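# A closer look at the structure
Listed below are the residues making up each chain.
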Amino acid sequence: GLRVDPCSVEQIAEGIAQMALQPALREDYARRGQERLQQFNWAHSARAFRALYRQIAGVPLTDEDQGLLLEAK
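Here's what I pulled together on the structure shown here. (Residues numbered from 1 in each chain as written. Predicted model: local features only at pLDDT ≥ 70, side-chain atom pairs only at ≥ 80, totals over all residues. Heavy atoms only, no water.)

### What about the pattern of salt bridges?
What the rule picks out here adds up to seven salt bridges. Residue glutamate 35 pairs with arginine 31 through a salt bridge whose shortest N-O separation is 2.9 Å. Taken together, the residues glutamate 35 and arginine 31, both in helix H2 (residues 23-37) and four residues apart, mark about one turn of the helix. Look at glutamate 35 and you get partly exposed, because its relative accessible area is 45%. Judged by its relative accessible area of 43%, arginine 31 falls in the partly exposed class. In this structure, arginine 50 engages aspartate 65 in a salt bridge whose closest nitrogen and oxygen atoms are separated by 3.6 Å. Linking arginine 50 in helix H3 (residues 42-57) with aspartate 65 in helix H4 (residues 63-72), this pair joins segments that are 15 residues apart in sequence. Residue classification places aspartate 65 among the buried residues on the basis of a relative accessible area of 0%. (Salt bridge = Lys/Arg side-chain N within 4 Å of Asp/Glu carboxyl O. Helix = DSSP H or I, 4+ residues; strand = E, 2+ residues; numbered from the N terminus. Buried < 20%, exposed > 50% of the residue type's maximum accessible area, 1.4 Å probe, protein only.)

In structure tokens, the structure reads:
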């Protein structure tokens, strides 16, 4: 995404103006956002949370759990 200082009114306004006035930039961010979205799914997220809960509870982790926790770092 477009990064701005969230405490700077000027930077926020500049970011909004860039997105409003530059269709190519807006289209690029929309395309990249859709590509990034494809990397997520509910089953993967559920397995990752299960691994985290197991770690917190002190339950022995499977190889899959360990891999998922490494991905999150």
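### With respect to a nonpolar patch on the surface
Residues Leu2, Val4, Ile12 and Ile16 make up a contiguous nonpolar surface patch of about 300 Å² in total accessible area. Checked against the element boundaries, leucine 2 lands in the segment before helix H1 (9-21). For leucine 2, a relative accessible area of 32% corresponds to the partly exposed category. (Patch = residues over 30% accessible without salt bridge, like charges linked within 9 Å, V, L, I, M, F, W, Y side chains within 5 Å. Areas by Shrake-Rupley, 256 points an atom, 1.4 Å probe, with all protein chains shown as cover.)

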